[in-house]
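Chain residues, written in single-letter form:
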Amino acid sequence: MRIAVCIKQVPDTTEVAIDEEKGILKREGVDSRMNPYDLYGLETALRLKEKFGGEVIVISMGPPQAAAVIKEAYAMGADTGFLLSDRKFAGADTLATAYTLAKGIKKLGTLDLIITGMQTTDGDTAQVGPGIAEYLGWPHISYVTKIVDSSDSSLTVTTDMLDTIETQKIELPALITVAKDINRPRLLSYKLKCATQNKEVKILNYKDLAGEEEVFFGLDGSPTQVERIFPPQRNCQQELWQGEPQELANRLVAKLKELRFI
Ligand SMILES: Cc1cc2nc3c(=O)[nH]c(=O)nc-3n(C[C@H](O)[C@H](O)[C@H](O)COP(=O)(O)OP(=O)(O)OC[C@H]3O[C@@H](n4cnc5c(N)ncnc54)[C@H](O)[C@@H]3O)c2cc1C
């Protein structure tokens, strides 16, 4: 089975400064790590490779320093790694990110499965996985919490949709996004880390991905623009109500509606 896993480098902190003019996070000079959900995606791919054989390819879009997460993936057992890196890819919203990753994935040859994390710990939108599948025209299932059964032509998976647990079968090739309950990612192997420290991270840039047709990379290819980005203000305002249970419940519902929580 040839499996591509999308991995993103995210800040290893919640204290990231904001570029208020451009409406983006200032990622330079901040410690980074692999998005935690992507560890579960990589573990899922490695287990499928152990069962069926094949190849696990990791792919990331980001600045040159994002090669570090590909090296990390090598130390867990990934076979090949690609970094999509070019100034023209910068400032991408989720649509342009999914588009760029889909373009990169098309360069990887025939694949059986693409795995992404459910979401990231910085952007947090959970849109990129399904976006890649839509660009490729592939079937996809999000929020996979368990692989119930697998063959080299299909997967049967459980997904947690919060109010329902669903079991679905999907024919390959397909894309799944995985949640953290799916497995327990292995630790980095020191032996593999030493063995792969000089292993190549293949870089694909604008020229490699742009064809003849119109392209939608980076800020220019992003239909959404951030108007303002700011940390939410903490609000410790409290109200104490007393009364009969029914009266209090009605009042609570009215308040939640007023605040647009329901
Ligand atoms: C409206 C809007 C505007 C934005 N504008 C900008 C901007 O101007 N500049 C800017 O820098 N950022 C911008 N961002 C943030 C940027 O869109 C996200 O960093 C990026 O698209 C990934 O989205 P996410 O982190 O929400 O991923 P999610 O959809 O939460 O991630 C799901 C999974 O997709 C995969 N994935 C996601 N991103 C990558 C990646 N880069 N490489 C490999 N795999 C990946 C991973 O497997 C991940 O687990 C914007 C976001 C939004 C919502």
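Refer to the structure printed above.
Residues numbered from 1 in each chain as written. Predicted model: local features only at pLDDT ≥ 70, side-chain atom pairs only at ≥ 80, totals over all residues.

A. The overall build of the protein, seen in detail. The secondary structure content of the protein amounts to 7 helices and 13 strands. In terms of overall dimensions, the protein has a C-alpha envelope of 65 × 45 × 40 Å along the principal axes. Sequence-distant contacts in the protein: of pairs separated by 6 or more residues, those separated by 24 or more amount to 70%. (Helix = DSSP H or I, 4+ residues; strand = E, 2+ residues; numbered from the N terminus. Contact = placed C-beta atoms within 7 Å.)

B. The nonpolar core, seen in detail. Core analysis: the largest hydrophobic core is formed by 61 residues, its most contacted members being Val5, Leu42, Leu101 and Ile132. Considering every element that reaches this core, the biggest residue donor is helix H1 (residues 36-52), with 7 residues. (Core = buried A, V, L, I, M, F, W, Y, C linked by C-beta atoms within 7 Å. Buried ≥ 20, exposed ≤ 12 C-beta atoms within 10 Å, placed from the backbone.)

C. Just unusual backbone geometry, in detail. Here the bond from Leu172 into Pro173 is cis, since omega is 5°, no more than 30 degrees from zero. Inspection of the secondary structure assignment puts Pro173 in the loop between strand S11 (165-171) and strand S12 (174-178). We note that Tyr143 has phi near 60°; this positive angle belongs to a residue other than glycine. Residue classification places Tyr143 among the buried residues on the basis of 21 C-beta atoms within 10 Å. Its identity is not glycine, yet Leu162 carries a phi of approximately 70°, on the positive side. Following the sequence through the fold, Leu162 ends up in the loop between strand S10 (154-160) and S11. Given 6 C-beta atoms within 10 Å, Leu162 falls into the exposed group.

D. How the structure looks around the environment of Gln225. Summarising the element assignment, Gln225 is placed in the loop between helix H6 (206-209) and helix H7 (245-258). Using a count of 10 C-beta atoms within 10 Å as the deciding quantity, one classes Gln225 as exposed. C-alpha of Gln225 to C-alpha of Glu214: the two residues are 11 residues apart in sequence and 20 Å apart in space.

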